[in-house]
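Structure at a glance
Each chain, letter by letter, is given below.
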Amino acid sequence: MSAAHPAERDVQPMAETGTGTVVLGQPFSRTDGRAKVTGQARYAAEHAAPDMVYGVVVNSSVARGRIVRMDLAQARAVAGVIDILTHENRPRTRSMGLFYKDMTAPGGTPFKPFHGDAILYSGQPVALVVAETFEAARSAAALVRVDYAVEPHSTALLQNLGRGHKPSRLKAGFAPPPKPRGDADATFAASPVQIDAQYHSGVEHHNPMEMHASTVLRAADGHLTIYDKTQGSQNSRWVLSRVFGLGKDQVTVKNPFVGGAFGSGLRPQYQLILAVMAALHLKRSTRVVLTRQQMFSFGHRPETWQHVKLAATADGTLQAVVHEAVAATSRLEDYVEVVVNWSGQLYQCHNVRLGYQVVALDQYSPLDMRAPGAAHGLFALEVAMDELAHALRMDPVALRLRNYAERDGNKDLPFSSKELEACYAQGARRFGWSDRQPLPRSQSAAQAGPAGSRELVGWGMATGTWDALQMFARASAVLHADGRLEVASAATDIGTGTYPVMAMIAAAAMGLPLELVAFRLGDSRLPVAPIEGGSAHVATVGSAVQGACEKLQKSLWNLARGLPASPFKGSRLADVVFADGQLRLKATPSTAIALTALLASAGKASVEEKYLLLPNVLRQRKFTSAVHSAVFVEVRVDEDFGTVRVTRVVSAIAAGRILNPKAAHSQISGGVVWGISQALHEETLTDHTLGRFMNHSFGEYHVPVNADIHDIEVIFVEEDDRVVSSLGAKGVGEIGLVGVAAAVSNAIFHATGRRVRSLPMTPDKVMAPDAEADAVAPVTPVTRHKSPGGDPPDSALLAIV
């Protein structure tokens, strides 16, 4: 493969011939869909070279200690084995932790593969077996023997809550809890209605369909073209350049197709560094693919314990909010999330105290996972709000409307746009919420379920919110003489629909049929783009694409004005429009010139413009920008077995202008599915004696299957936010997940009278006796109502069910 043109082998997704004009806001199918379903799209582990060698990682079996001896003799004896890299023979790399930091790294020192004999967590890579074939490398890896000097480890968050510390704030996007406002504790103590409860969420792993892999293609001149499973090609390239001392012109990272990531690809993972290490050492192309079990050896959503106290007057007006969280991190880094801040922003309250700590454990650093922080924090807040509504004998929607926030109380700023009230109204109407019976176990008589079981019906709802972000990005736009428009930015499409929406934005701006527009992404040499994460790609890269096309419009208009006897000579840019492949005068549409004719007349083979998008910080800092949702859920609970079926979901979303409703609907539906999974299925279990994740396979790590998912309806309420972006768009990647687990929990309570405060809500928890199980009788609003759990849980037992 040539170092000069490594992109020639990559498939370029485009709309099919005959697609024609597509208006922004019109549903449109994925331009990359055909390439994916026909196998033309190649992922990180699907690129080959004649001299390819294969690496298989060997992982540690202890959680903490030191390597005292490695026996590699049997492994080296396997036919085809070329070398085995360990900390003892690692090729030279830089050792300072600073060189391993990527653009999303938290405070602390990142994990450095093969640097020393210390074992920091169970599953740590300790060797890379490299062979002529994958089969030989895998066989030899099983023969590597490692002796350890084992040291005491600690992996149990709930036994170490007292070790929590205030974390470093050095992570992009993290905001520590704001200072307290008012006197939440004194006001809580004096309030007539109180909720005081603890909540727990277990570890989750990302588990995208495509496992993490890196293929390093080494050219004759030594240039490395690397296909990596990443959400940011430039982030990976940046880390590699620093770790290995490689110049920008010596390495290219590409990720044109990514088979899901959900945050697991935000940071370069260890297989990338090991693959490059082997390629440089052997001077050969190298591929390293992690197994499904090894996908549990880096990054996860952290286990989190939360304590929420709400106080209100008899009419439901919030008087005090206290929200504290303690989450797990590694001993290397202070991984942080925004968990509690939402409780000071979502509802109006004058007395708020928020707290957030982390506990360092012998685990790999946690990693952002879809809606990081909010997925846990809003679960606790929204279940507590439902508990408050029950104590007040008040409708849960009415309680939220009573405390509706027109301003962000944390920052005392207005929202740039907020159509949450419309979400409540439209979602409730579509769901039929007005038919909800207020008391638990009263929605309907037990109904027949599968195989003759008897099921109780429950309805629950919750609010969701997430930041509406915009970052900086560059984009280029090139119009060719044959009428083709090529737009480019080093963006990523992890399955969210980046390819089609960017092409749609460019086609709409230039008035071209969509089949003439190609959007290039996934190449570190392209104009700079942020990592795809935080639901910011459309507002950021999309606005950069829009800006590049607007500059291109101006250049073409200037060309038209310079033509001999041009009818556009005296016009202003505002007087013209780009439509149907032409430049036209608005006042007299018949005065027009085809863009192909314009370039031909001007003697141009192409016209190119580039644009740097910088957020309008001076304007944006005057507002809080967020997306919102109202989630309504119906569950059916078999009390005998504790099984829960989510039979109906209505998710009403306010996320700015929706540019491609089909892709956005898919995003929200997928988020709802994951929310159901978080609520009922997903948890990575740890054997704390071994300090090791145990259910590290799809056979034991439970996720929903088709039979678990029923009716999901998505509503997009009208919203347009020109503060967040010039397109009026926000983002929909995270908001579909947020609030779903809380709505499911609230529906289970409505069905059974049992309050489940621990995720996932497995059958044993749903069946467990609970003080709330008897709380189905009317509760006098002025009576102080404390739900169980004012103190941290006993270290040996988490009694949050």
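Values in this document were obtained by computation on a predicted structure and should not be read as measured data.

Calculation criteria
- The written sequence of each chain sets the order in which its residues are numbered from 1.
- Under the rules for a predicted model, residues below a pLDDT of 70 receive no local features and side-chain atom pairs below 80 are neither given nor counted, while totals for whole chains, interfaces and linings still include all residues.
- As a convention, hydrogens and water are excluded, and side-chain values are obtained from all of the structure's heavy atoms.
- Any Lys or Arg side-chain nitrogen found within 4 Å of a carboxyl oxygen on Asp or Glu counts as a salt bridge.
- Helix and strand assignments follow DSSP, with helices taken as H or I runs no shorter than four residues and strands as E runs no shorter than two, numbered in order from the N terminus.
- Throughout, exposure labels follow a simple rule: accessible area from a 1.4 Å probe, protein chains only, divided by the maximum for the residue type, with under 20% read as buried, over 50% as exposed, and the rest as partly exposed.
- Two rings from Phe, Tyr or Trp (for Trp, the six-membered ring) form a pair when their centres are within 6.5 Å of each other. A pair whose planes differ by under 30 degrees is stacked, one over 60 is edge-to-face, and the rest are tilted.
- By definition here, a helix of n residues has an expected span of 1.5 Å times n minus one.
- Each pair of strands is called paired provided DSSP finds at least two bridges between the two strands.
- Here a residue-residue contact requires only that any non-hydrogen atoms of the pair lie within 4.5 Å.
- Contacts described as polar in this section are N or O atom pairs within 3.5 Å, which, within protein, must combine one atom able to donate a hydrogen with one able to accept it, while residues neighboring in sequence count only if both atoms come from side chains.
- Predictor confidence is given residue by residue as pLDDT, running from a minimum of 0 to a maximum of 100.

Considerations on the pattern of salt bridges
- Scanning all chains against the criterion turns up 40 salt bridges.
- For the salt bridge of Arg30 with Asp493, the shortest nitrogen-to-oxygen distance reads 3.8 Å. Of the two residues, Arg30 is situated in the segment before helix H1 (33–37) and Asp493 in the loop between strand S22 (485–488) and helix H11 (498–510); the sequence distance between them amounts to 463 residues.
- Under the relative-accessibility criterion, Arg30 is labelled partly exposed at 33%.
- On the basis of relative accessibility, which here comes to 1%, the residue Asp493 falls in the buried class.
- Among the ionic contacts, a cluster of salt bridges with common partners joins Arg30, Asp32, Lys36 and Asp493.

Looking at the packing of aromatic side chains
- Scanning the entire structure with this criterion turns up 15 aromatic pairs.
- Pairing Tyr121 with Tyr364 gives two aromatic rings, centres 5.1 Å apart and planes at 75°, and the pair type is edge-to-face. One end of the pair, Tyr121, is in the loop between strand S5 (118–119) and strand S6 (125–131); the other, Tyr364, is in the loop between strand S16 (352–361) and helix H8 (374–392), with 243 residues separating them in the sequence.
- Relative to Phe632, the ring of Trp433 has its centre 5.3 Å away and its plane inclined at 65°; by these criteria the two rings are edge-to-face. On the criterion of sequence distance, the pair formed by Trp433 in the loop between helix H10 (420–431) and strand S19 (447–448) and Phe632 in strand S28 (residues 626–638) is long-range, its members being 199 residues apart.
- Each residue in the set Phe431, Trp433, Trp459 and Phe632 is aromatic and connected to the rest through ring pairs, giving one cluster.

Some points on helix H15 (residues 661–680)
- Compared with an ideal rise of 1.5 Å per residue, which puts 20 residues at 28 Å, H15 spans 28 Å between its outermost C-alpha atoms and is within 8% of the ideal.
- For H15, the buried fraction is high: 14 of the 20 residues fall into the buried class.

Looking at the sheet that holds strand S2 (residues 65–71)
- Taken in spatial order, the 3 strands of this open sheet run S5-S2-S7, and their pairing is antiparallel. On the outer flanks of this sheet lie S5 and strand S7 (145–150), each paired with one strand and no other.
- For S2 and S5, the ladder comprises 2 bridges, and the chain directions are antiparallel. For Arg66, the partnering residue across the bridge sits in S5 and is Ala118.

Quick notes on helix H5 (residues 233–244)
- For H5, with 12 residues, the first-to-last C-alpha span of 16 Å sits near the 16 Å given by 1.5 Å per residue.
- Burial runs high along H5: 11 of the 12 residues are buried.
- When H5 is considered as a whole, its buried residues turn out to be Ser233, Gln234, Asn235, Ser236, Arg237, Val239, Leu240, Ser241, Arg242, Val243 and Phe244.
- Next to the buried residues of H5 lie strand S10 (224–228), strand S11 (251–254) and helix H6 (270–282).

Structural notes on the side chain of Ser416
- Mapped onto the fold, Ser416 is located in the loop between strand S18 (413–414) and H10.
- Residue Ser416 is classed as buried on the basis of its relative accessible area of 17%.
- Of the polar contacts made by the side chain of Ser416, one reaches the side chain of Asp721; its length is 2.6 Å.
- Look past the residues within four positions of Ser416 in its chain and what remains in contact with it is Phe623, Thr624, Ser625, Asp721, Val723 and Val724.

Points about unusual backbone geometry
- Looking along the chain, the bond that leaves Leu759 and enters Pro760 is cis, with omega of -5°.
- Take Pro760: it is sitting in the loop between strand S33 (758–759) and helix H17 (763–767).
- Positive phi, close to 50°, is recorded for Asn207, a residue that is not glycine.
- With respect to the helices and strands, the residue Asn207 is situated in the loop between strand S8 (193–201) and strand S9 (213–218).
- Classification of Asn207 by relative accessible area gives buried; the value is 11%.
- Unusually for a residue other than glycine, Ala565 sits at a positive phi of about 50°.
- Locating Ala565 in the fold gives a position in the loop between helix H12 (537–561) and strand S24 (576–579).

Observations regarding the environment of Ser343
- Mapped onto the secondary structure, Ser343 falls in helix H7 (residues 342–345).
- Judged by relative accessible area, Ser343 falls into the buried class, the value being 3%.
- In sequence terms Ser343 and Pro177 are 166 residues apart; their C-alpha atoms lie 10.0 Å from each other.
- In this structure Ser343 touches Val321, His323, Leu354 and Leu381, once residues within four positions along its chain are discounted.
- Within the structure, Ser343 has its side chain in polar contact with the side chain of His323 (distance 2.7 Å).

Some points on the confidence of the model for the chain
- Considering every residue of the chain, the mean pLDDT works out to 94; 94% of them sit at 70 or more.
- Taken together, the stretch residues 1–8 has pLDDT below 50 and engages in 16 contacts with residues farther than four places along the chain or on a different chain.

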